[in-house]
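Structure assessment
Listed here are the chains, written in short residue letters.
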Amino acid sequence: MTSWNRKDLTDLAGLSAEEIVHVLDTAVEFKSVGQRKLKKVPSLRGKTLVNLFVEASTRTRTSFELAAVRLSADVVNITATSSSLSKGESLKDTAKNLEALSVDLIVLRHAAAGAPQFLADRLRAGVISAGDGSHEHPTQGLLDVFTIRERLGRLEGVKVGIVGDIRFSRVARSNIHALTKLGAEVTLIGPPTLVPREFEKLGARITHRLDDVLAGLDVINLLRIQHERQKAGYFPGTGEYAALFGLNAARAARLKPGALVMHPGPIHRGTELDGAVADGPHSVILDQVTNGLAVRMAVLYLCASVAQKEDA
Amino acid sequence: MSACVNIRGGRVIDPATGRDDKGDVFIVDGKFSDVPAPGAQEIDAAGLVVCPGFIDIHVHLREPGQSAKETIETGTRAAAAGGFTSVVAMPNTQPVADHPGIIAWVQERAAAAGAVNVFPTGAITVGSKGEQLAPIGAMAAAGIVAVTDDGRCVQNHEVMRRAAEYCRMFDLPLFDHCQDTSVAGAEAAMHEGFWSTVLGLPGWPRMAEEIIVARDAMLAELTGARIHCQHLSAAGSVRIMREARARGVSLSGEVCPHHIALTDESLKDYSTDFKMNPPLREQTDIDALLGGLADGTIDILATDHAPHTVYEKEVEFAAAPFGIVGLETAVGLFCEILLHRTGAVDLPRMVAMLTVNPARLLGLDRGTLGAGRPGDVTILDPAREWVVDKELFATKGRNTPFHGWKLRGRALRTIVGGRTAWEISR
Ligand SMILES: [Zn+2]
Ligand SMILES: [Zn+2]
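Notes on the structure in this doc start here. Quantities reported herein were computed from a predicted structural model and do not represent experimental measurements.

Description of the coordination of the zinc ion (ligand 2)
All names here are of chain B. Each protein donor to the zinc ion (ligand 2) is listed here as His58 (NE2), His60 (NE2), Asp150 (OD) and Asp304 (OD); together their distances run 2.1 to 2.2 Å. Classification of the site at the zinc ion (ligand 2) as irregular follows from its 4 donor atoms and the range of 83 to 166 degrees in their angles at the metal. Each donor residue of the zinc ion (ligand 2) belongs to the same chain, with the gaps between them written as H-x1-H-x89-D-x153-D. The distance between the zinc ion (ligand 2) and the zinc ion (ligand 1) is 3.4 Å, with Asp150 acting as a donor to both metals. Here His60 is found in the loop between β6 (54-59) and α1 (72-81), whereas its partner Asp304 is found in the loop between β15 (300-301) and α10 (310-313), with 244 residues between them in sequence. Note on His60: relative accessible area 5%, which makes it buried. Take Asp304: its relative accessible area is 9%, and that puts it in the buried class.

Below you can see the structure in the form of structure tokens.
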């Protein structure tokens, strides 16, 4: 394949539109594997994948693990607590140890922005980011655009609203990069404390009034709001947040008929969106989970095939 | 054999006296002289610039306590290799230089192992914690040239006010690392702007510096103390300082090479060689800093030489320490940027910012070629082309973003008290 020559996937900012589309198209193939009776292909037989989760995330780790298993790879999970592996000295040592063990792929989740890049620059193995600090969560971004494309049949001209804690969100960044490259129109929605103006330079629009834009959206992606931000003074309280930016039933009633409601999970019902909306006809939240597996299979497969070429 | 040299036929620039002509400089018994000494070493400086020895008022020598990063010996050798004959040592060592015993220790080490003159500073507050004034009088008696909590910034304005009032009694300048930590807190890793947004790194907005520069302007006006703002990085700081100085407030500032050579875009690959405090900012800030140098608002150049070990810097961005080495690249970068690329200042002005201006701020008997003064000379070729190679550095630090840069301008010989401390190998 000439459309893909990366051993690593550390961000979507550096991918071209063609590369993103190539991953999505590959993921379509792999999604069909998940619908078969025998949900396994031999694509990564003999390869070893390490799930290195320095920051905990059961959902993402499980998704990567299942993706690897369905590709017939051998999987090792390393769930380091931040106390044993949060200091940078040991990240390099860990990397060298993994190299010494002839690992082919490393999936890294880390609280420090840039940590996957740090490993990718130092290892022959492929490094795939499973989220780094407030930087990016590239496979989440890919699964989100995959889901939109699958449901709406296109990305060009699609109006996507991303609501919430944009400032600290790796999901938002990966979404913005992928969506703008593929021609979607992105509007960021939230209080100015959580939606800094710099995001306009990434090609997104910004508004602080959800009600003004709600009815025009094809997709609304609601990000998780963390209590820590309230303590740090980014907004006065979850009640006020929900009143201004929560997708309640009244607001959901104003959505376009075919509009999609997305959320990267886990959901705080009653804060970002009401339970009825999360389970309602607009919601594609469980599709996102299913598609995450297909997208991750595609990413593992593509990166492994390049890492393979190098040692041949 | 006493230190006697006759430096012949160079372009002699001594901004303190306004001298700029082709001629000779004589050092007899370690001091400048109007007449040559018989039997002195002869140095041919034809085609080169001869100036008072350069003074770097912002250097981290890391001793005591962090000799893996640097020692007074290696740090001063790096200074000599960079064309500096004097360095001012910051007090954020381990332990913090906050009492006369440590000042005396630094002076003894410098006398024994230093390749160039070392002028220690003392902390403003005990442990640089920003709470209790350090024994500034006792340290003044021991020979400090300034006080500073560099690396940290006194957040309590009342404490800073008392420090300023107290320093006046000894006519000691008060240096400030301008950073409001309620605006740029412990997490801040880089300039707050487009690139921090893309990279997802916590930002350090300009305002955190500007608000402290404004405070210092007010305190200098209120107390009459001489306050010096270190390593300015933000456009607004220059504006505030310009306004204060126009009213005669005794506020000064310094600029470091990296803040006029690089922008925050350099961080896009998360290389920790670009992680510094204050952070690299934007082109508009560079333009403002150059404007401040051009119009005299800022009249001192410094390095903030901050060596770290390789293993400390080779970590995730958030975990890496701030700072880069600067002594051996500074003169080349200042020549390249100030003289060749932008013409922001001319050569005599640049020399003044490295000699007489820092000497005056510190009350040093140096920075000029006047007869009877210590015979410190830097021989400079402002057009000399060279390529930065960090593996050839005398400093222990390898943390530089300038490795591989081609620069025009280099000190070829560094003379301290009439003795050659370093000369370029041919
Ligand atoms: Zn500082
Ligand atoms: Zn410093």
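This is not the end of the story, as more comes after the structure.
Some thoughts on the coordination of the zinc ion (ligand 1)
Protein coordination of the zinc ion (ligand 1) is provided by Asp150 of chain B (OD), His177 of chain B (ND1) and His231 of chain B (NE2), with donor distances spanning 1.9 to 2.1 Å. Between consecutive donor residues of the zinc ion (ligand 1), the sequence gaps follow D-x26-H-x53-H.

Regarding the interface of chain A and chain B
Contact residues are listed per partner, giving 23 residues for chain A and 16 residues for chain B. The tally of links between chain A and chain B comes to 2 salt bridges. If you look at where chain A meets chain B, you find 5 residue pairs in polar contact (both at pLDDT 80 or more). Its residues assigned to classes, the side of chain A that touches chain B comprises 7 nonpolar, 7 polar and 9 charged.

Description of the packing of aromatic side chains
Residues and elements named next belong to chain A. One pass over the structure, following the stated rule, counts 8 aromatic pairs over all chains. Look at Tyr241 and Phe245: their rings are 5.4 Å apart centre to centre, the planes differ by 40 degrees, and that puts the pair in the tilted class. Pair noted here: Tyr241 and Phe245 are both in helix α10 (residues 238-245), with a separation of 4 residues, about one helical turn. Comparing Tyr241 with Phe245 shows no difference in burial state: the two are buried.

Quick word on the packing of helix α6 (residues 138-152) of chain A against helix α7 (residues 170-181) of chain A
Residues and elements named next belong to chain A. Between α6 and α7, the least distance of the axes is 8 Å, while the angle of their chain directions is 50 degrees. When the axes of α6 and α7 are compared, the pair comes out oblique. By crossing handedness, the relation of α6 to α7 is classed as right-handed. Contacts from Pro138, Gln140, Gly141, Asp144, Val145 and Ile148 in α6 reach Val171, Ser174, Asn175, Ala178 and Leu179 in α7. Its residues assigned to classes, the contact of α6 with α7 shows 6 nonpolar, 4 polar and 1 charged.

Observations regarding the pattern of salt bridges
A full pass over the atoms with the stated rule returns 44 salt bridges over all chains. In this structure, the salt-bridge partner of Arg205 of chain A is Glu185 of chain A, at a minimum N-O distance of 3.5 Å. Taken together, the residues Arg205 of chain A in strand β7 (residues 205-207) and Glu185 of chain A in strand β6 (residues 185-189) connect sequence positions 20 residues apart. Taken together, the shared-partner salt bridges connect Glu158, Arg161, Arg162 and Glu165 of chain B into one network.

Observations concerning the sheet that holds strand β9 (residues 147-148) of chain B
Residue and element names in this part refer to chain B. Taken in spatial order, the 5 strands of this open sheet run β9-β10-β13-β14-β15, and their pairing is parallel. The open sheet is flanked by β9 and β15, the only strands paired with a single partner. Alignment of strand β14 (residues 251-255) against β15, held across 2 bridges, turns out to be parallel. Bridging from a neighbouring strand, Val255 pairs with Leu301 of β15. Along the sheet, helix α4 (residues 157-168) contacts β9, β10 (174-176) and β13 (227-229); its crossing angle with β10, the most-contacted strand, is approximately 145 degrees.

Things to note about the sheet that holds strand β5 (residues 159-163) of chain A
Residue and element names in this part refer to chain A. Overall, parallel pairing links the 5 strands, which are arranged β7-β6-β5-β8-β9 in an open sheet. Looking at which strands have only one partner, the edges of the open sheet turn out to be β7 and β9 (260-262). The mean angle between the axes of side-by-side strands here comes to 20 degrees, regardless of whether they run parallel or antiparallel. Alignment of β6 against β7, held across 3 bridges, turns out to be parallel.

Brief notes about the nonpolar core
Of all hydrophobic cores here, the largest spans 182 residues; its most connected members are Leu188 and Leu300 of chain A together with Ile7, Leu338, Met350 and Val377 of chain B. The leading source of residues in this core is helix α13 (residues 285-311) of chain A, at 11 residues. Among residues more than four places away in sequence, those in contact with Ile7 of chain B are Gly23, Asp24, Val25, Ile43, Ala45, Val50, Val377, Ile379 and Ile415 of chain B. Membership of the second largest hydrophobic core comes to 21 residues, among which are Leu194, Leu214, Leu217 and Val261 of chain A.

Observations regarding unusual backbone geometry
Residue and element names in this part refer to chain B. A cis geometry characterises the amide bond from Glu63 onward to Pro64, with omega recorded as 5 degrees. Locating Pro64 in the fold gives a position in the loop between β6 and α1. That bond from Asn277 to Pro278 is cis: its omega, -5 degrees, falls within 30 degrees of zero. Backbone geometry at Arg62 places phi at a positive 70 degrees, although glycine is not the residue there. Within the secondary structure, Arg62 sits in the loop between β6 and α1. On the accessibility criterion, Arg62 (7% relative accessible area) is buried. Phi is positive for Asp171, which is not a glycine, with a value near 50 degrees.

How each quantity is defined
- Residue numbers run consecutively from 1 along every chain, following the written order of its sequence.
- Think of it this way: whatever chain is written first is A, whatever ligand is written first is 1, and the rest follow in order.
- Under the rules for a predicted model, residues below a pLDDT of 70 receive no local features and side-chain atom pairs below 80 are neither given nor counted, while totals for whole chains, interfaces and linings still include all residues.
- In computing side-chain values, all of the structure's heavy atoms are included and hydrogens and water are not.
- Only N, O and S atoms count as donors, using a 2.8 Å cut-off from the metal and 3.2 Å for Na, K and Ca, and because water is excluded some sites may appear unfinished.
- Every geometry call rests on angle ranges, with four donors termed tetrahedral when all angles are between 85 and 135 degrees, four termed square planar and six termed octahedral when opposite donors are over 155 degrees apart and all others are between 65 and 115, and everything else termed irregular.
- To qualify as a helix, a DSSP run of H or I must reach at least 4 residues; to qualify as a strand, a run of E must reach at least 2; elements of each kind are numbered from the N terminus.
- A simple rule labels every residue: compare its accessible area, found with a 1.4 Å probe on the protein chains alone, to the largest value its type can have, and call it buried under 20%, exposed over 50%, or partly exposed in between.
- Two residues qualify as a contact provided that any one of their heavy atoms is within 4.5 Å of a heavy atom in the partner residue.
- In the sections that follow, a salt bridge refers to a side-chain nitrogen of Lys or Arg positioned within 4 Å of a carboxyl oxygen of Asp or Glu.
- Counting of polar contacts relies on pairs of N or O atoms within 3.5 Å, with two restrictions inside protein: one atom must be capable of donating a hydrogen and the other of accepting it, and residues adjacent in sequence are counted only when both atoms are side-chain atoms.
- Three classes are used, and their members are as follows: Ala, Val, Leu, Ile, Met, Phe, Trp, Tyr, Cys and Pro are nonpolar, Asp, Glu, Lys and Arg are charged, and the others, Gly among them, are polar.
- The aromatic pairing rule takes the rings of Phe, Tyr and Trp, using the six-membered ring of Trp, and pairs them if the centres are within 6.5 Å, calling planes under 30 degrees apart stacked, those over 60 edge-to-face and the rest tilted.
- Interaxial angle, 0 to 180 degrees, is taken between N-to-C directions of lines fitted to C-alpha atoms, where a helix line uses only the stretch in contact.
- Under this scheme an angle from 65 to 115 degrees is roughly perpendicular, one under 35 degrees roughly parallel, and one over 145 degrees roughly antiparallel; angles in between are oblique.
- Two helices crossing with the near one rotated counterclockwise from the far one by less than a right angle form a left-handed crossing, whereas a clockwise rotation gives a right-handed crossing.
- DSSP-based pairing: two strands are paired if at least 2 bridges between them are found.
- The definition of a nonpolar core used throughout is a set of buried Ala, Val, Leu, Ile, Met, Phe, Trp, Tyr and Cys residues joined through side-chain atoms within 4.5 Å.

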